[in-house]
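Listed here are the chains, written in short residue letters.
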Amino acid sequence: MAVTAEGMIAVTPDRMIRVMNEEAAEMLGVARQDFVDTPLESLRVPELGQALDAALVEGAPVTWRFEYLGRDFACSAAPYLDGEACGAVLGLRDETEMMRVLRRSDAILSSAGDGLLVFDADERVAFVNPAAERLLGKDAETLIGQQCDPLSLLGLEPATEGVCDTGPQMRELRIEEPEHRIMDVRVDPVLDDQGVCAGAVVSLHDVTAEREAMQMKNEFVSTVSHELRTPLTSIKGYIDLILENEAGEINEIQREFLSIVKENSDRLVELINDMLDISRIESGRIVLKIQPLDVAERIEGAANTFRAVADQQGRSINVDVPDDLPRVAGDPDRVGQVLINFISNAIKYSPAGGDVDVSASAGDGFARIAIRDHGIGIAEEDQARLFTKFYRVDSTLTREIGGTGLGLSICKSIIELLGGQVGADSVAGEGSTFWFTLPMAAPELVRTPSLEAPLGSPGGRVLVVDESEEAANLIETYLAKRGYDVVKAFSAEEAWDRALETQPRVVTLDVMLDEGAGFELLKHLKADARTADIPVVVLSIICDEGKSSRLGATGYLEKPINKERLIEIVDGLVGSVASPVALVVDDDRAIVDVLSRTLKQRGFAVMAAYDGKEAMVAVQGTRPHIILLDLRMPVMDGYEVLGALKSDPETADIPVVIMSAYNFEADRADVLKLADVCTCKPFDVEEFVTSIEAVIHEEEG
Ligand code: ADP
């Protein structure tokens, strides 16, 4: 039977047992009456004597732990003064049970595969298990007792608040000593049964092998994709050319067969793009360009991609977005990609037809976008796994429809990277609603207006740098058809010579020239005054958008090349050097649209800004030759823009034409004196643009 009560033995200064209670006798397995008034030593438990001695030496209570008859005891000896000399009271506790629990939890903590460090409430290391010693290459002795924030002890940036206030904290720890390791560090609060913070426990999970395997896999995917994309670039490009009758008239059967080849090569490109997207997301190499986005505009853009197909099938894509929906923060291309994916699935998985409804609504700090179809739907048991990689519902219908099961998982990753969420509600046989959310744009987030080329080809010389002759020829065909004069180079040295010799308006550069020479060339071009101003578009199979833009590339395009995008980018860049650039600033989009169109027809490159802040960002990016400025605008009005432009020596001499529908504000009239021309709305657009041309010519003259 376990004894829980406290045993007590009182010992006189001459080491005689004066008192011993029943509990003490029972613990030591003796009869009490046999030992009272006998020397302590007669009990034959030497540890009792040692405890007594220690207490007498210390002159204060001490605790002595020992094992006796297979049980664990704690003896607390407290000295007392008896006349001139000291006796002591020995308290005796059977701690067998407690020690068993302690040893067991110690054994558990010690055998845990993850490293564990326990911190007291005063941030002192109290326990370190062997796995932590091994992982950190430090022994428990040096660590125990150290007082430090748990994260700083590991050399990580400490959290601003204690773990008990913030809840679990997660970080990644990379160390090179004693050997290269990557660990997931997790700090959890330790709360006592009253909920009071009693310290923290840090766990170290070694993920070196997983991360390395993941990196190898990503590299493998990149390499394989590269090897696949190179031939596909040629296959796709030349089929397109044949289908466009560039190789002579083709007959109907040839057209039909080639269309099948084209469709399948497009599918292959899509699959490779999906795989690359996944590897890019998983390895954190994805570059997001967060901007304020107009949800309606994004949805319209995505819906338009499918309008022709939908019309053919006699169904429609209905868009319903409230006019006053605030702008969201997101990467325009990526959000477009997600919308296209959801809309394409909605069409694909409703083979019997039915409309697709795309709607948006505002929630608390978020916009919610939903895509609803009336298709085959998804059974409840399949819904949970929809967004996992390669998952496809296992049904005859789905198999017939075909697909890879990658799209939804990419959408989920993109939306989560942008700070939103995705989900699906569906009833089998009735249809599905896929939805996602995006955070509203903060007022500080400003869109960078893009530069749009004049209508018609601006023409001029383009230097095409590509290791592969086939690829270079293909790009040449595209650009030559558009009216550009193409010079080709197949190595970095050749490209450098051609650039100096021919002074092209734009360079397209495949950075996969041998052994990184592509990036070196880009650096070189940007560093030399003779070539620094020539815009470079990087065409790449590996995804190096971030690196390219850091090195000074103005544009970036992935291979296999999308012809329209290539022309759009090159036109835009050449437009900005070959044509006068006009910046149109007005919060009324209809006015911006009509002015932009007319200006582009008249040979201007145009940037469109919808408020003053966007205008200021646009001017920083590309210096316009003229600015058309509205006065009343949200965020930053025309008066402020004018003031800011004219007070900065860099921008003071850009001519500004004020367009206003209102009587100019008398008290701010002095600001307006800084403008070059003031025009009252409404005005005749053609006449107005003619007067703009006059201003530009005057400047030139
Ligand atoms: P894929 O369409 O290439 O198979 P996705 O990742 O886009 O890949 O979709 C994964 C699976 O989710 C699909 O195979 C299909 O079973 C299901 N699914 C996706 N969208 C819908 C939808 N609108 N209606 C019904 N099922 C859908």
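Residues numbered from 1 in each chain as written. Predicted model: local features only at pLDDT ≥ 70, side-chain atom pairs only at ≥ 80, totals over all residues. Heavy atoms only, no water.

Turning next to the overall build of the protein. A count of helical and extended segments in the protein gives 24 helices and 28 strands. Overall, the protein is about 125 × 70 × 60 Å in size when its C-alpha atoms are taken along their principal axes. Long-range contacts, defined here as pairs at least 24 residues apart, represent 60% of the contacts in the protein between residues at least 6 apart. Accessible area for the protein stands at about 35,000 Å²; split by element, carbon and sulfur atoms hold 51% of it. If you average the places of the 66 positive and of the 123 negative side-chain charges in the protein, the two averages end up 3 Å apart. (Helix = DSSP H or I, 4+ residues; strand = E, 2+ residues; numbered from the N terminus. Contact = heavy atoms within 4.5 Å. Areas by Shrake-Rupley, 256 points an atom, 1.4 Å probe, with all protein chains shown as cover. Lys, Arg positive; Asp, Glu negative; His and termini not counted. Charge placed at Lys NZ, Arg CZ, Asp CG, Glu CD.)

Here we come to the side chain of Asp 571. Residue placement: Asp 571 occurs in helix α19 (residues 563-578). Side-chain polar atoms of Asp 571 contact the side chain of Tyr 484, separated by 2.5 Å. Residues in contact with Asp 571, not counting those within four places in the same chain, are Ala 453, Pro 458, Arg 482 and Tyr 484. (Polar contact = N/O pair within 3.5 Å; in protein donor to acceptor, adjacent residues only side chain to side chain.)

Here we come to the domain arrangement of the protein. We note that the domain assignment places domain 1 (7-98), domain 2 (113-206), domain 3 (211-283), domain 4 (291-439), domain 5 (451-572) and domain 6 (580-700) within the protein. Of note, the centres of domain 1 and domain 6, computed from C-alpha atoms alone, are 97 Å apart. (Domains from an automatic or database assignment.)

Okay, the sheet that holds strand β20 (residues 484-489) next. The five strands lie next to each other as β20-β19-β21-β22-β23, forming an open sheet whose pairing is parallel. The open sheet has two free edges, formed respectively by β20 and β23 (555-558), since each of these has just one partner strand. On average, each strand axis in the sheet is inclined to that of its neighbour by 20°, with strand direction left out of account. The pairing of strand β19 (residues 460-465) with strand β21 (residues 506-510) spans four bridges and is parallel. Bridge assignment links Val 465 to a residue of β21, and that residue is Leu 509. (Pairing = 2+ DSSP bridges. Axes fitted to C-alpha atoms, helices over the stretch in contact; angles between N-to-C directions.)

Counting across every chain of the model gives 45 salt bridges. Among the ionic pairs, Arg 15 bridges to Asp 53, the shortest N-O distance being 2.9 Å. Of this pair, Arg 15 sits in the loop between β1 (7-11) and β2 (17-20) while Asp 53 sits in helix α2 (residues 46-58), and the two are 38 residues apart along the sequence. A relative accessible area of 33% means that Asp 53 is categorised as partly exposed. (Salt bridge = Lys/Arg side-chain N within 4 Å of Asp/Glu carboxyl O. Buried < 20%, exposed > 50% of the residue type's maximum accessible area, 1.4 Å probe, protein only.)

Another aspect to go through is the packing of helix α10 (residues 295-312) against helix α11 (residues 332-348). Their axes nearest at 9 Å, the elements α10 and α11 cross at an angle of 45°. In this view, α10 runs oblique relative to α11, as classed from their interaxial angle. Between α10 and α11 lies a crossing of right-handed hand. Together, Arg 298, Ile 299, Ala 302, Ala 303, Thr 305 and Phe 306 of α10 and Pro 332, Val 335, Gly 336, Leu 339, Ile 340, Ile 343, Ser 344 and Ile 347 of α11 make up the contact between the two elements. Each residue belonging to the contact of α10 with α11 can be placed in one class, and the counts come to ten nonpolar, three polar and one charged. (Parallel < 35°, antiparallel > 145°, perpendicular 65-115°, else oblique. Left-handed = near helix turned anticlockwise from the far one by under 90°. Nonpolar A, V, L, I, M, F, W, Y, C, P; charged D, E, K, R; others polar.)

Now for the site of the ligand. Neighbouring residues of the ligand: 21 residues in total, closest Asn 345, Tyr 349, Arg 392, Thr 404 and Leu 408. Interatomic distance of 2.8 Å between a side-chain N/O atom of Asn 345 and an oxygen atom of the ligand. Starting from 530 Å² of accessible surface for the ligand in isolation, the protein chains cover 97%. Secondary-structure elements contributing two or more residues to the shell around the ligand are α11, α14 (407-417) and β17 (431-439). Broken down by element, the shell around the ligand gets its largest block of residues, four residues, from α11. (Near = heavy atom within 4 Å.)

A word on the state of the cysteines. As enumerated under the stated definition, the model contains one disulfide in all. Here Cys 164 connects covalently by a disulfide to Cys 197, the sulfurs 1.9 Å from one another. Around the S-S axis, the bridge from Cys 164 to Cys 197 shows a dihedral of about 65° and counts as right-handed. Residue Cys 164 is located in helix α7 (residues 163-166), and its partner Cys 197 is located in strand β10 (residues 197-206); the two are separated by 33 residues in the primary sequence. Looking at Cys 164, the relative accessible area reads 28%, which means it is partly exposed. Between Cys 86, a cysteine without a disulfide, and Cys 75, which holds the nearest cysteine sulfur, the sulfur-to-sulfur distance is 16 Å. (Disulfide = S-S within 2.5 Å.)

Note: strand β3 (residues 62-68) against strand β4 (residues 71-82), seven bridges, orientation antiparallel. For Thr 63, the partnering residue across the bridge sits in β4 and is Ser 76. Taking the residues between adjacent antiparallel strands as the criterion, β3 and β4 are bridged by two residues, where Leu 69 takes a positive phi near 50°. Alignment of β4 against strand β5 (residues 85-94), held across ten bridges, turns out to be antiparallel.

Phe 342, Ile 369, Ile 371 and Phe 436 are the most contacted members of the largest nonpolar core, which totals 44 residues. Elements supplying a minimum of two residues to this core: α9 (252-282), α10, α11, β14 (356-362), β15 (366-372), α14, β16 (422-427) and β17. Leaving out residues up to four positions away in the same chain, Phe 342 has contacts with Ile 371, Phe 387, Leu 408, Cys 411, Val 422, Phe 434 and Phe 436. Within the second largest apolar cluster, 26 residues are counted, among which are Met 20, Val 45, Leu 52 and Leu 92. (Core = buried A, V, L, I, M, F, W, Y, C linked by side-chain atoms within 4.5 Å.)

A few words now on the packing of aromatic side chains. Under the criterion given, the structure shown has four aromatic pairs. When the ring of Phe 66 is compared with that of Phe 73, the centres are 5.7 Å apart and the planes differ by 25°; the resulting orientation is stacked. Comparing Phe 66 with Phe 73 shows no difference in burial state: the two are buried. On the basis of an interplanar angle of 25° and a centroid distance of 5.9 Å, the ring pair of Phe 342 and Phe 436 is categorised as stacked. Of this pair, Phe 342 sits in helix α11 while Phe 436 is found in strand β17, placing the two residues 94 residues apart along the sequence. Put simply, the rings of Phe 342, Phe 387, Phe 434 and Phe 436 touch in pairs and so form one group of aromatic residues. The ring of Tyr 610 is capped by Arg 589, whose NZ or CZ atom sits 3.8 Å from the centre of that ring. (Phe/Tyr/Trp six-rings, centres within 6.5 Å; stacked < 30°, edge-to-face > 60°. Lys NZ or Arg CZ within 6 Å of the ring centre and 35° of its normal.)

Let us now look at the pairing of β5. By the bridge criterion, five bridges tie β1 to β5 in an arrangement that is antiparallel. Considered in β5, the bridge of Met 8 is made with Gly 91. Taking the residues between adjacent antiparallel strands as the criterion, β4 and β5 are bridged by two residues, where Gly 83 takes a positive phi near 70°.

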